Amino acid sequence: MTTTTPGAAEVELAIGGMTCASCAARIEKKLNRMDGVEATVNYATEKAKVTYREDVTVAELIATVEATGYTAQRPEPPHASGSGTPGTATGETGRAENDELRPLRQRLTAAVALAVPVIAMAMVPALQFDYWQWLSLTLAAPVVTYAAWPFHKAAWTNARHGAATMDTLISVGTSAAFLWSLWALFFGTAGMPGMTHPFEFTIARTDGAGNIYLEAAAGVTAFILAGRYFEARSKRKAGAALKALLELGAKDVTVLRGGREELIPVAELKVGDRFLVRPGEKIATDGTVLEGSSAVDASMLTGESVPVEVGAGDGVTGATLNAGGRLVVEATRVGADTQLARMARLVEDAQNGKAAAQRLADRISAVFVPVVIALALGTLGFWLGNGAGLSSAFTAAVAVLIIACPCALGLATPTALMVGTGRGAQLGILIKGPEVLEVTRKVDTIVLDKTGTVTTGRMTLLAVHTAAGSTEDDVLRLAGALEHSSEHPIAQAVASGAAARIGTLPTPEDFANLAGLGVQGVVEGHAVLVGREQLLTEWAITLPVELQRAKAAAEAAGRTAISVAWDGEARAVLEVADAFKETSPEAIARLRALGLTPILLTGDHRAVAESVADQVGIAPEHVIAEVMPQDKVDVVKRLQSEGRSVAMVGDGVNDAAALAQADLGLAMGTGTDAAIEAGDLTLVRGDLRVAADAIRLSRKTLGTIRSNLFWAFAYNVAALPLAAAGLLNPMIAGAAMAFSSVFVVGNSLRLRGFQPTDR
């Protein structure tokens, strides 16, 4: 439970006993009638997310749900290995799911085994021996009673509370078919020896006394149970990404206490503990490296295939794999604070939420059931009034009840949402809530923070301009060796760039750091100066014309120019800047292909911003530079006031407010916690291309929801008149109804095949 606003709190409840979307709508309606309570209930995840005032207790919320005819309790905390909660083995998880599905599977098995011969005898006249109808009754009775018991129980519970749900339709339809058959067998002519029952897709109008509908009652029950079972299995598959996240972490950890190594469960790890990570082991929790260096494989969390080199002082993330040397790490986050736990929480929050389309579907489902029952009664009355006979009228009414079950309607949004957000989590895209999907369709402008988003966020050596008689290798070797002894970011950029190009750098024989000017020292017997041009001037050294031009061009482009001299002569000018990420130009092109206008927003000088924009493909008129952090929100507001729907991508604390203000906030997962919390979408990798993938996935998920809703509505609209017209056998209606639910789930599961553009 977390406080959301002053005087308000939030809780998530696990709901039991729901069998359809109408059940969820009833519970939601009851909870929202309580003073100071706002609730959303999700049928697919079987959870209620409730915001309530402090004068309301969780016990009162649970009591309200129970008074509605369902169960409620606080859900068990996620068993995320490495998140401070004891891990659940994959085998145990599988067994728990099997146990949950076992009763439904047993009823389905019994229904299919008994219903198949009943259907076969009803459809194949050659199998209709003397007294076959009594064997049908013997086989169908357990199906309509035992196998269909969950439907009858739910219908009775709802009736006691003055409600009707889809289970009411199923229970009334199958019971009516079974009871009519009993009447025909015991009091009509259907029980006579030699009675035959020709197979017909349409309903023949007879007096009804010689007709039985046991195949309809048994077949409908079997079809609907099959649909429910596969829906339940599909819901487990749709949540597989979340389970995979929770299973990523280590189970045990070796801590260093009192100079000894001690193996403990990850759940017992505390902030400040020092623990050992050997090569090939998973890092137990988020922390900072104290000793050792290694390459860490974070692909399971970020999707990034290249291992990251880490050493003393570097941060590491729990559940990533130590691919190299031995590390000693100090735990900085444990339990629910770890990145893995936060990712899992974001995914589950998104799956528990509801999009506007789903809220509409729930409202329709809540009124759909009583309307359908009224339509069935109207159908019965119409056919009776037109002399069709009780049998034909009754059969048409039963078909209406069965065909109308809007299970597909209730599953249309949650299944697509669960699969879409789960697939996003696998690709390093975390969707905070379903309302985000609605926004992605309308976004037409994307504002990009420069530093850390479009660029790397760190200084990089970009170019070396040498004077006549000097070589790049000499310049990099001598300047790099001297800069390696300085801790200044620009000096480190030069040293790193030099080491990357020529390898091992020599050790200076003498070194001095001159504040505000640069460094000087002796390397390989040469007196070397590296820094501002003013440092060279103090030693009476001037830059030749070609180096002056190079320096002026670099500064005009917003880069830092560093002068290098040794033995009394100017030898080179180095260009250092925050380089754009190699993937940024491609990312900008992809965003344009999605119909978005990219705008570069930065606090840097305009020359710097325009240089970066030119390199990544953003037009100069779409560059907004020299903006103070607190003014970024105003920029977003101004764009919105122009009628634009604005997405914002950022990674820093100073981007948090703008991310929150934007219609769609995309936070780089490599950035600060403040930015991540403020964003609607979190991109775990620091790759801007993922922003385009995130928008594509969101739009595709929304498209799947819309197509699901369309087919669910179209199915009911098209099928109800056919059933009311007496053109559908109740058994065929039941099969079609079950198929529509499976179709919706299958359509949603197609999102599991979503691939990033670069794959």
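What you see is a predicted model; the values in this text were computed from it and never measured. (Residues numbered from 1 in each chain as written. Predicted model: local features only at pLDDT ≥ 70, side-chain atom pairs only at ≥ 80, totals over all residues. Heavy atoms only, no water.)

Draft legend 1. Quick look at the overall build of the protein chain. Of regular secondary structure, the protein chain possesses 26 helices and 27 strands. Just so you have it, the protein chain exposes about 31,300 Å², and 57% of that area is on carbon and sulfur atoms. (Helix = DSSP H or I, 4+ residues; strand = E, 2+ residues; numbered from the N terminus. Areas by Shrake-Rupley, 256 points an atom, 1.4 Å probe, with all protein chains shown as cover.)

Draft legend 2. Quick look at unusual backbone geometry. Backbone geometry at Tyr 131 places phi at a positive 65 degrees, although glycine is not the residue there. As for its position among the elements, Tyr 131 is in the loop between α3 (90-123) and α4 (132-147). Relative accessible area serves as the criterion here: at 45%, Tyr 131 is assigned to the partly exposed category. If you check the backbone angles, Ala 540 has positive phi at about 60 degrees while not being a glycine. Mapped onto the fold, Ala 540 is located in the loop between α18 (533-538) and α19 (545-556). Its relative accessible area of 71% is what places Ala 540 among the exposed residues. (Buried < 20%, exposed > 50% of the residue type's maximum accessible area, 1.4 Å probe, protein only.)

Draft legend 3. Region of interest: the nonpolar core. Ile 446, Leu 448, Leu 664, Leu 666, Leu 681 and Leu 688 are the most contacted members of the largest nonpolar core, which totals 48 residues. In terms of residues, this core owes the most to one element, helix α25 (residues 689-724), which gives nine residues. Non-local contacts of Leu 666, meaning those with residues more than four positions away in its chain, are made with Ala 647, Met 648, Val 649, Gly 650, Leu 659, Leu 681, Leu 683, Ala 691, Ala 694 and Ile 695. Counting 38 residues, the second-largest nonpolar core is a separate cluster that includes Leu 137, Phe 178, Leu 185 and Leu 214. (Core = buried A, V, L, I, M, F, W, Y, C linked by side-chain atoms within 4.5 Å. Contact = heavy atoms within 4.5 Å.)

Draft legend 4. Spotlight on the sheet that holds strand β23 (residues 597-601). One open sheet accounts for seven strands, arranged β15-β27-β26-β25-β16-β23-β24; its pairing is mixed. Each edge of the open sheet is held by one strand with a lone partner, namely β15 (429-431) and β24 (623-624). (Pairing = 2+ DSSP bridges.)

Draft legend 5. Examining helix α16 (residues 472-483) more closely. For α16, built from twelve residues, the straight-helix expectation of 16 Å at 1.5 Å per residue is met to within 8% by its first-to-last C-alpha distance of 16 Å. Of the residues making up α16, those classed as buried are Val 475, Leu 476, Leu 478, Ala 479, Gly 480, Ala 481, Leu 482 and Glu 483. (Expected span 1.5 Å × (residues − 1).)

Draft legend 6. Spotlight on helix α20 (residues 584-593). Every buried residue belonging to α20 is among Ser 584, Ala 587, Ile 588, Arg 590 and Leu 591, and all of these are buried. Down the axis of α20, the buried side of the element spans an arc of 160 degrees, and every buried residue falls inside it. (Arc of directions from axis to C-beta.)

Draft legend 7. Focus on the UniProt feature "transmembrane region" (unreviewed entry) in the protein chain. Listed under "transmembrane region" (unreviewed entry) in the UniProt record, and renumbered for this structure, are residues 108-125, 131-149, 169-192, 212-230, 364-384, 390-413, 708-725 and 731-749. Here residues 108-125 runs as 89% helix and 0% strand, with 26 Å between its end C-alpha atoms. (UniProt positions renumbered as here; feature names shortened; annotations may be inferred.)

Draft legend 8. The arrangement of the pattern of salt bridges in detail. Enumeration over the complete set of coordinates arrives at 20 salt bridges. Arg 278 is the partner of Glu 261 in a salt bridge, and the nearest nitrogen-oxygen pair spans 2.7 Å. Residue Glu 261 is located in strand β7 (residues 260-265), and its partner Arg 278 is located in the loop between β8 (274-277) and β9 (286-291); the two are separated by 17 residues in the primary sequence. Its relative accessible area of 44% is what places Glu 261 among the partly exposed residues. Arg 278 sits in the partly exposed class, given a relative accessible area of 31%. For Arg 590, the salt bridge goes to Glu 586, with nearest N and O atoms at 2.4 Å. With Arg 590 and Glu 586 both in helix α20 and four residues apart, this pair spans about one turn of that helix. Since its relative accessible area comes to 10%, Arg 590 is described here as buried. Here the salt bridges share partners, and the residues they tie into one network are Glu 586, Arg 590, Asp 687 and Arg 689. (Salt bridge = Lys/Arg side-chain N within 4 Å of Asp/Glu carboxyl O.)

Draft legend 9. A look at the pairing of strand β22 (residues 569-580). Among the twelve residues in β22, ten count as buried, and that is most of the element. As paired strands, strand β17 (residues 455-466) and β22 are joined by eight bridges and run antiparallel to one another. If you follow Thr 460 over to β22, its bridge partner there is Ala 577. In terms of strand pairing, strand β21 (residues 560-566) meets β22 through seven bridges, oriented antiparallel. Note that in β22 the partner of Val 564 across the bridge is Ala 572.

Draft legend 10. How the structure looks around the pairing of strand β10 (residues 294-297). Of the two faces of β10, the one holding Ser 294 and Val 296 and the one holding Ala 295 and Asp 297 are both buried throughout. In terms of strand pairing, β10 meets strand β11 (residues 308-310) through three bridges, oriented antiparallel. Pairing of Val 296 across the sheet is with Val 308, part of β11. Two elements, β10 and strand β13 (residues 321-322), share two bridges in a ladder whose sense is antiparallel. Paired with Val 296 across the strands is Asn 322, a residue of β13.

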